[in-house]
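Single-letter residue listing:
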Amino acid sequence: MVSLKRVYNQRYLILVWSVLEIFLFSAIVYGWAALVVVLKQENFFHDLCEVKNSTIIEDEVEDCIKQDERLNLVFLTGVISFSSTGIVSGAFLDRFGPRKARLLSSFDNNCGSKLNVAIELSMILTDRPNLIFPGIITLSAAGLTLLLTIFQVANMFDKWKSSVISLFNGAVDASAIVLLFFKLVYNAGIPLLSINIFYLLSAIILILVFTSILPPYTITPERLQPINGSRDSRASHESFAKPQIADVSAFTIEGSHSNGIMHMNGTSEVNGEVGISKKNSKLQQNETESHLQSSAPSQSQAVNENNEVAKIEAESSEDSAPRLISQMLTAEYILLVLFTSVCGLRLWFYVGNLNSYLEFMSDNDMDTDHYTNWFGIIQFSGFLFAPIVGYVMDWKPKKNQNEKTDIGFIFGFLLTSCVTLVLNILVLVPSLSVQYATFVVQVVLRAFVFSVYSAFILHKFPLVHFGKLLGAGHIISSAIVSIQYGLVVVTEDTLKKDPFWVNVSLLVLCLFLNILPAYLWIKEKRQNGQNRRIEVNRSVI
C-alpha cells in the first residue's frame with residue numbers, strides 16, 4: 001500500500017507530474033481552432049458544402065456554412081461532455097476514491113483514442129464522419145475525471161492551496177496547445193491515424209504509472225495532520241453556514257479555581273464555544289477547564305489529541321456533513337455557478353466562432369492559418385497567468401491571517417470580471433491586428449474562471465461533497481453554454497458571419513458578473529460587524 005508520508009515527502013515531484021498529466025490529457029478540446037483546420041483537410045462533413053453559380057473562392061467560403069456549423073456542433077459536444085460528466089465523475093470520486101476514478105479516466109481516454117483511430121479508418125473505408133461525436137465525448141469525459149482526481153494534491157500545500165489549484169487550471173488551459181502539435185505534425189506529413197495511436201499509448205502508460213504512485217484514498221487535511229502537524233486545516237472545510245465562534249481560552253477570569261470544577265474530557269479546549277447569551281458562571285466554568293488542561297500531564301494531552309483527531313475524522317465524514325442539496329441551494333453556490341456559466345458562454349462562443357470570425361474580418365482575401373497557429377501557441381500562456389489569481393485568492397489582511405475569510409476570493413472574482421469586460425470590448429474591434437491581444441485576454445479569462453470556481457468550492461464547502469459540487473456546477477454550466485450553438489447559427493445565417501450584435505449582448509450580460517463579489521463583500525462586512533459585537537460583549541463580561 002502506498003504510504004501517505006512518502007507521498008507527502010515527494011509532494012513537489014508529484015505536483016510537477018500532476019501539472020504534466022493535466023497539460024497532456026485534460027482539456028485538449030480547448031484547442032479546437034487548430035483541430036478544425038485538420039478536419040477540413042480530411043474532408044470531414046465536406047458533403048454538406050454546396051456549389052453555387054459564383055467564383056471558386058466564394059464557393060469555398062460561402063457554400064460550406066453547413067460544414068462549419070456541423071464542426072462547431074462537434075466542438076460544442078466536446079465542451080458539454082467535458083462539463084456535464086462532472087457530476088457523475090465527482091460522485092464516483094467521492095464514493096470510490098481517486099484510484100478507481102483514475103482507472104475510469106484511463107478507460108475513457110482509451111476508448112476515446114480508439115474511437116478516433118476508428119474514425120480515421122472509417123473515413124478511409126466508408127466515409128462516416130459522424131463517428132467523431134462519440135470519440136470527442138469519451139475523450140472530453142476522461143479529461144474532467146482525471147482533473148478531479150488530481151485536485152486532492154493541493155491539500156498537501158495548505159498555505160498555497162488556491163495557488164496550486166490555479167496552477168492546475170492553468171495547465172488545463174495550456175492543454176489546448178496539444179491539438180496545435182497535432183496540426184503541426186500533420187502538416188509535416190504524419191497521418192492523423194498515426195498521431196492518434198501514439199497519443200493513445202502515451203495516455204495509457206502515463207496515467208497508469210501516476211495512479212500507482214498516488215494513494216488509493218483521497219488526500220485530505222485530516223489525514224495529513226499527523227504528518228505535517230497542521231491544526232487549522234479543518235477550518236477550511238467547515239460549513240460556511242456555521243457562524244464563527246469566539247475563543248474564550250485567551251481570557252482569564254480571576255478567582256479561585258479550587259471549587260466547583262467539573263471533570264474534563266479533553267474537548268473543551270478544541271470547541272471552547274460560547275454565545276453572547278451564556279451566563280457568566282458558564283464562562284467561568286469553561287475558563288477553569290481551560291486552565292486545568294494547560295496544567296494536565298503529558299499523558300492526558302496525548303489522549304486529548306487522539307480525541308481531537310477522532311472528532312475531526314468524524315466531522316469530516318459524509319454522514320455528519322451537511323446535506324448536498326442544502327449546499328447546492330445556498331446563495332454562494334447558485335451565484336458561483338451562474339458566474340462560471342456566463343463566463344463560459346462568453347469564452348466558448350469566441351472559440352467556436354473564431355475561424356469564421358477571422359474569415360469575416362479578412363473578407364476571405366487571405367489565409368487565416370497564421371492567426372490560428374498563434375491562437376494555439378498563446379494557449380500555453382494560461383499556465384503562466386493562472387497563478388496570479390491563485391495568489392490573489394490566498395491573500396489575507398494581516399488582521400485576518402489566522403481566520404477564515406473570503407476577502408481574497410472577492411478580489412479574485414472582481415479581477416475575473418474585469419478581464420471579462422476587457423475581452424468583450426476587444427472582440428468588438430473588427431481588426432485582425434487586435435486579435436493577438438484578444439487571444440491573450442481569452443486565455444487569461446479561461447485560466448481565472450476555472451481557478452476561482454474550483455478554489456472557492458474547496459474553500460467554502462465540505463470536502464466530502466467537493467467532487468459532486470464541482471461536477472454539478474459543470475453540468476449546469478454546460479446546459480447554459482449550449483446556447484452557444486444557437487448563437488453561432490444566428491451569426492452564420494442571419495448576421496452573415498458578423499457577430500457584432502451577439503458580442504454586444506454578451507457584453508451586457510457579463511455586467512451582471514459583479515453580483516457575486518458584491519454579495520460576498522456585504523456578507524463579509526456583516527460577519528466582521530458581528531465579530532466586533534461579540535468582542536465588545538466579551539470585554540463587558
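The preceding data block contains the structure.
Parameters and conventions
Residues numbered from 1 in each chain as written. Predicted model: local features only at pLDDT ≥ 70, side-chain atom pairs only at ≥ 80, totals over all residues. Heavy atoms only, no water. Helix = DSSP H or I, 4+ residues; strand = E, 2+ residues; numbered from the N terminus. Buried < 20%, exposed > 50% of the residue type's maximum accessible area, 1.4 Å probe, protein only. Areas by Shrake-Rupley, 256 points an atom, 1.4 Å probe, with all protein chains shown as cover. Salt bridge = Lys/Arg side-chain N within 4 Å of Asp/Glu carboxyl O. Disulfide = S-S within 2.5 Å. Phe/Tyr/Trp six-rings, centres within 6.5 Å; stacked < 30°, edge-to-face > 60°. Core = buried A, V, L, I, M, F, W, Y, C linked by side-chain atoms within 4.5 Å. Domains from an automatic or database assignment. Contact = heavy atoms within 4.5 Å. Patch = residues over 30% accessible without salt bridge, like charges linked within 9 Å, V, L, I, M, F, W, Y side chains within 5 Å.

Participant: Would you explain the overall build of the chain in this entry?
Facilitator: Within the chain, the regular secondary structure consists of 26 helices and zero strands. Buried residues in the chain amount to 52% of all 541 residues. Of the roughly 24500 Å² of accessible surface on the chain, 63% is carried by carbon and sulfur atoms.

Participant: Even after reading the chapter, I still don't get the pattern of salt bridges, so can you show me in this structure?
Facilitator: Opposite charge on two side chains lets them pair, provided their charged atoms get close. In the structure shown here, the tally under the stated rule is three salt bridges. Salt-bridge contacts for Lys-40 lead to Asp-68; the nearest nitrogen and oxygen are separated by 2.8 Å. Linking Lys-40 in helix H3 (residues 32-41) with Asp-68 in helix H5 (residues 65-84), this pair joins segments that are 28 residues apart in sequence. Residue Asp-68 is classed as buried on the basis of its relative accessible area, which comes to 11%.

Participant: Honestly, the state of the cysteines in this entry has me stumped. Any pointers?
Facilitator: Among covalent bonds in proteins, the disulfide is the one between the sulfur atoms of two cysteines. As enumerated under the stated definition, the model contains zero disulfides in all. You can see Cys-343 has no disulfide; the closest cysteine sulfur is in Cys-510, sitting 6.2 Å from it.

Participant: Help me out: how do you make sense of the packing of aromatic side chains in this one?
Facilitator: The description of an aromatic ring pair uses the distance of the two centres, along with the angle that the planes make with each other. Using the criterion set out here, one finds 19 aromatic pairs in the structure. Summarising the aromatic geometry, the rings of Tyr-12 and Phe-157 are spaced 5.4 Å apart at their centres and angled 70° between planes, so their arrangement reads as edge-to-face. In this pair, Tyr-12 is assigned in helix H2 (residues 11-25) and Phe-157 in the loop between helix H8 (132-150) and helix H9 (161-174), connecting sequence segments 145 residues apart. Here Tyr-12 falls in the exposed class, since its relative accessible area comes to 53%.

Participant: Sorry if this is basic, but what is going on with the nonpolar core here?
Facilitator: Nonpolar side chains tend toward joint burial in soluble globular proteins. Tyr-30, Met-156, Phe-168, Trp-348, Phe-413 and Ile-457 are the most contacted members of the largest nonpolar core, which totals 119 residues. The greatest single-element share of this core, amounting to 15 residues, is contributed by helix H22 (residues 435-460). Lining this core are residues from two domains, each supplying at least three of them: domain 1 (7-50 + 62-225) and domain 2 (324-540). Non-local contacts of Phe-168, meaning those with residues more than four positions away in its chain, are made with Leu-15, Ser-18, Val-19, Ile-22, Ile-150, Phe-151, Val-153 and Ala-154.

Participant: Hey, could you run me through unusual backbone geometry in this one?
Facilitator: Excluding glycine, a negative phi dihedral is what most residues carry, and trans is how most peptide bonds are arranged. Phi at Lys-496 takes a positive value of approximately 55°, unusual for a residue other than glycine. Not every positive phi belongs to a glycine, and Lys-497 is a case in point at roughly 70°. Tracing the backbone shows Lys-497 in the loop between helix H24 (483-494) and helix H25 (500-510). Residue class for Lys-497 comes out buried when judged on its relative accessible area of 9%.

Participant: I would appreciate a short explanation of a nonpolar patch on the surface in the present structure.
Facilitator: On the surface, a nonpolar cluster with roughly 630 Å² of combined accessible area is contributed by Leu-421, Ile-425, Val-508, Leu-509, Leu-511, Phe-512 and Ile-515. Residue assignment for the nonpolar patch shows that the elements contributing at least two residues are helix H21 (407-426) and H25. The residue Ile-515 is located in helix H26 (residues 515-540) in this model. You can call Ile-515 partly exposed: its relative accessible area is 44%.

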